[in-house]
Amino acid sequence: MNKKIVIGIVLSFLIIVILILGVILFKLLKNKSDINVSNNKIISENSNLSSDAFLMPIEDLMMNTGRGPLVTGRIERGKVKIGDEIEIVGFSNKKIIATVIGIEAFRTKKDEAVAGEHIGLILNNVLPTDLKRGQVCAKINSIKSHKKIKVQVNILDYNNEPYLSLLKVGNEVNCYIRVQSVKGVIRKIEGKVDLKQDVNLIIELTEPVGIEEGVGFAIIGDQVGSKRPHQIAYGKIFEIIE
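Residues numbered from 1 in each chain as written. Predicted model: local features only at pLDDT ≥ 70, side-chain atom pairs only at ≥ 80, totals over all residues. Heavy atoms only, no water.

1. Structural notes on the sheet that holds strand β11 (residues 145-155)
Turning to step 1, where the next piece is worked out: Pairing is antiparallel around the closed barrel formed by 6 strands, whose spatial order is β11-β14-β13-β12-β15-β16. Put simply, the sheet's adjacent strands are angled 45° from each other on average, direction ignored. (Pairing = 2+ DSSP bridges. Helix = DSSP H or I, 4+ residues; strand = E, 2+ residues; numbered from the N terminus. Axes fitted to C-alpha atoms, helices over the stretch in contact; angles between N-to-C directions.)

Encoded structure:
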């Protein structure tokens, strides 16, 4: 074979290899850039949440022998540290102020916790009888309890036809807000009550709950032949009425 032809073939092969390697390198650099952007976004979002006023729904509570009640939950926003005074809001009309004397996360003691962490708070200056699942621990005066709300919900279509009769003015329904259910009475319906439909409901809760506009909201019912709750509609709190 002519020597010039062999050299040409080899050079062509090398050029193709270089191009392939260039494409691979470009994709690797792009992926790294995308990951950095994504990580920066997550860090930014967490930083924003951490800078907001502290709020943590109470998921569970227990007595911590010799120290005081322990409440557990996930911090929705803000941060909390030992020594902070916080307010316990919901399921009571009295103002409850407690002091954080301990923070635990997976049996590890901490001085401070931020948004997104699952923690336990050991509280002082509060009675265990004043605490209940569904209340929120929050920065003092940052959130209030309310009983009358307007919600926007979508009626889910999965086996929910038998439950449509529950969604009538004057009926009492089980409302699920954050981590706890509370009874509520439907006072007004705006829209058509049917499967896959969006409706606005004005609901009066039987107990005051620490809530804000934009918080997730669901209506649940007792599932036939099962002890598990059945979700009928899901949406969010659109307006605080009183």
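2. A look at the side chain of Asp-84
Turning to step 1, where the next piece is worked out: With respect to the helices and strands, Asp-84 occurs in the loop between β4 (79-81) and β5 (85-89).
Turning to step 2, where the next piece is worked out: Here the side chain of Asp-84 touches Lys-81 through a polar contact of 2.9 Å, landing on its backbone nitrogen.
Turning to step 3, where the next piece is worked out: In this structure, Asp-84 is in contact with Lys-79, Ala-98, Thr-99 and Val-100, ignoring residues within four places of it in sequence. (Polar contact = N/O pair within 3.5 Å; in protein donor to acceptor, adjacent residues only side chain to side chain. Contact = heavy atoms within 4.5 Å.)

3. Things to note about the pairing of strand β3 (residues 68-74)
Turning to step 1, where the next piece is worked out: The buried count for β3 comes to 5 of 7 residues, which makes it a mostly enclosed element.
Turning to step 2, where the next piece is worked out: Relative to β3, strand β2 (residues 60-64) runs antiparallel, the two being bridged by 5 bridges. Bridge pairing in β3 places Leu-61 opposite Val-71.
Turning to step 3, where the next piece is worked out: Sheet topology note: the β3/strand β9 (residues 118-124) ladder contains 5 bridges and is antiparallel. Note on β9: the bridge partner recorded for Thr-72 is Gly-120. (Buried < 20%, exposed > 50% of the residue type's maximum accessible area, 1.4 Å probe, protein only.)

4. A short note on the side chain of Arg-178
Turning to step 1, where the next piece is worked out: With respect to the secondary-structure elements, Arg-178 resides in the loop between β12 (172-177) and β13 (180-190).
Turning to step 2, where the next piece is worked out: At 3.0 Å, the side chain of Arg-178 forms a polar contact with the side chain of Glu-76.
Turning to step 3, where the next piece is worked out: Of note is the side chain of Arg-178, whose polar atom sits 3.4 Å from the side chain of Glu-212.
Turning to step 4, where the next piece is worked out: For Arg-178, the contacting residues outside a window of four places in its chain are Leu-55, Pro-57, Glu-76, Val-136, Ile-143, Gly-210, Ile-211, Glu-212, Val-215 and Gly-216.

5. Observations regarding the environment of Val-100
Turning to step 1, where the next piece is worked out: Summarising the element assignment, Val-100 is placed in strand β6 (residues 96-105).
Turning to step 2, where the next piece is worked out: On the basis of relative accessible area, Val-100 is assigned to the buried category, the value being 1%.
Turning to step 3, where the next piece is worked out: Separated by 19 residues in sequence, Val-100 and Lys-81 place their C-alpha atoms 7.2 Å apart.
Turning to step 4, where the next piece is worked out: Here Val-100 is in contact with Val-80, Lys-81, Ile-82, Gly-83, Asp-84, Ile-86, Leu-121, Ile-122 and Leu-123, once residues within four sequence places are set aside.

6. Looking at the nonpolar core
Turning to step 1, where the next piece is worked out: Of all hydrophobic cores here, the largest spans 25 residues; its most connected members are Ile-149, Val-151, Ile-203, Leu-205, Phe-217 and Ile-219.
Turning to step 2, where the next piece is worked out: Listing elements by their share of this core, those giving two or more residues are β11, β12, β13, β14 (198-210), β15 (216-222) and β16 (229-240).
Turning to step 3, where the next piece is worked out: Top contributing element to this core by residue count: β14, with 5 residues.
Turning to step 4, where the next piece is worked out: Residue contacts for Ile-149: discarding those within four places in its chain leaves Leu-201, Ile-202, Ile-203, Leu-205, Ile-211, Phe-217, Ile-237, Glu-239, Ile-240 and Ile-241.
Turning to step 5, where the next piece is worked out: Grouped together as the second largest cluster of nonpolar side chains are 21 residues, Ile-86, Ile-96, Leu-121 and Cys-137 included. (Core = buried A, V, L, I, M, F, W, Y, C linked by side-chain atoms within 4.5 Å.)

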